[in-house]
Amino acid sequence: MSCPAFIGSLLLALFFSAASPSLSDASPQLLIDEGVALYNQQDYAAALERLHEAEQRLPDPKILKELLGTAYLGLAYQQLNAGDYRAALGSFESCEDYLPDDVRLWQGKAVVHLHGGQNSAAESALQTALGIDAEQPQTYQLLGQVLYASGEMAASRDALRRALELGGGAATEALLAKVEAEWQVEREMSRDLGGQFRVAYADDGQVDLAMDVLQTLEYAYAELGSELDYYPDVDVPVLLYGRK
């Protein structure tokens, strides 16, 4: 290519480059439109990048509050479904800055805490959700799961029954049947309380076994807690069933 032809091509490229606005030169409306398009494609991370850029340029950024909150909510559930609980919690907390009264935010946070064994934090999130809207069956179903994980069988049963009353489906019904069956057996068991673990056993012949199990669990809790530098503050119910 000759020098004049090369220069001509370079000038042409520069012209089209200047004619196409970069992200830093785009108008707030263009950035919002791009953010919405990316949101609709479920590319929430890229959508948030555009929307935050627009937020910085708008005279009243509050008009993007709901859109930003919804995008953070979509990202959080996307991360939750992928099993990235730490990232999901961060996105839920960012969503809280924009949509603190969205029940889905608190339900999602409860799921994250439940997976992390933080039952008290999960229950607290669900109580916040109930304070916003006490007619959501999903909230009561999650509360039933959290209470079940904490060994609070009667309270779990009540929450699941309420979920069914509000229209909970087959999954709620199955969990309720499981809780009721286990609760009935547990009520007939003897109990030994020990630290983080609550051991219940079916008959007096299991007393020695119950003590051995309790000691083993407490040893494992101390050893693993020391290695991981993490001691979950949660009571763990342990049921020793008889053959029957």
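Let us look at the structure shown here.

Calculation rules
Residues numbered from 1 in each chain as written. Predicted model: local features only at pLDDT ≥ 70, side-chain atom pairs only at ≥ 80, totals over all residues. Heavy atoms only, no water. Helix = DSSP H or I, 4+ residues; strand = E, 2+ residues; numbered from the N terminus. Buried < 20%, exposed > 50% of the residue type's maximum accessible area, 1.4 Å probe, protein only. Contact = heavy atoms within 4.5 Å. Patch = residues over 30% accessible without salt bridge, like charges linked within 9 Å, V, L, I, M, F, W, Y side chains within 5 Å. Areas by Shrake-Rupley, 256 points an atom, 1.4 Å probe, with all protein chains shown as cover. Salt bridge = Lys/Arg side-chain N within 4 Å of Asp/Glu carboxyl O.

On to the overall build of the protein chain, then. Within the protein chain, the secondary structure is distributed over eleven helices and three strands. When the elements of the protein chain are put in sequence order from the N terminus, they spell out α-α-α-α-α-α-α-α-α-α-β-β-α-β. In the protein chain, buried positions account for 35% of the 244 residues. Considering only contacts in the protein chain between residues 6 or more positions apart, those separated by 24 or more positions represent 50%.

Take a nonpolar patch on the surface next. A surface patch of nonpolar side chains, amounting to about 330 Å² of accessible area, comprises Leu224, Leu228 and Tyr230. Here Tyr230 is to be found in the loop between helix H11 (207-228) and strand S3 (236-240). Residue classification places Tyr230 among the partly exposed residues on the basis of a relative accessible area of 40%.

By secondary structure assignment, the location of Arg157 is in helix H9 (residues 153-165). Those residues in contact with Arg157 that sit more than four places away from it in its chain are Leu176, Val179, Glu180 and Trp183.

A separate point is unusual backbone geometry. Non-glycine residue Gln42 carries a positive phi angle of around 65°. If you trace the backbone, Gln42 turns up in the loop between helix H2 (28-40) and helix H3 (44-57). Look at Asp229: it is not a glycine, yet its phi comes out positive at around 55°. As for its position among the elements, Asp229 is in the loop between H11 and S3. For Asp229, a relative accessible area of 67% translates into the label exposed.

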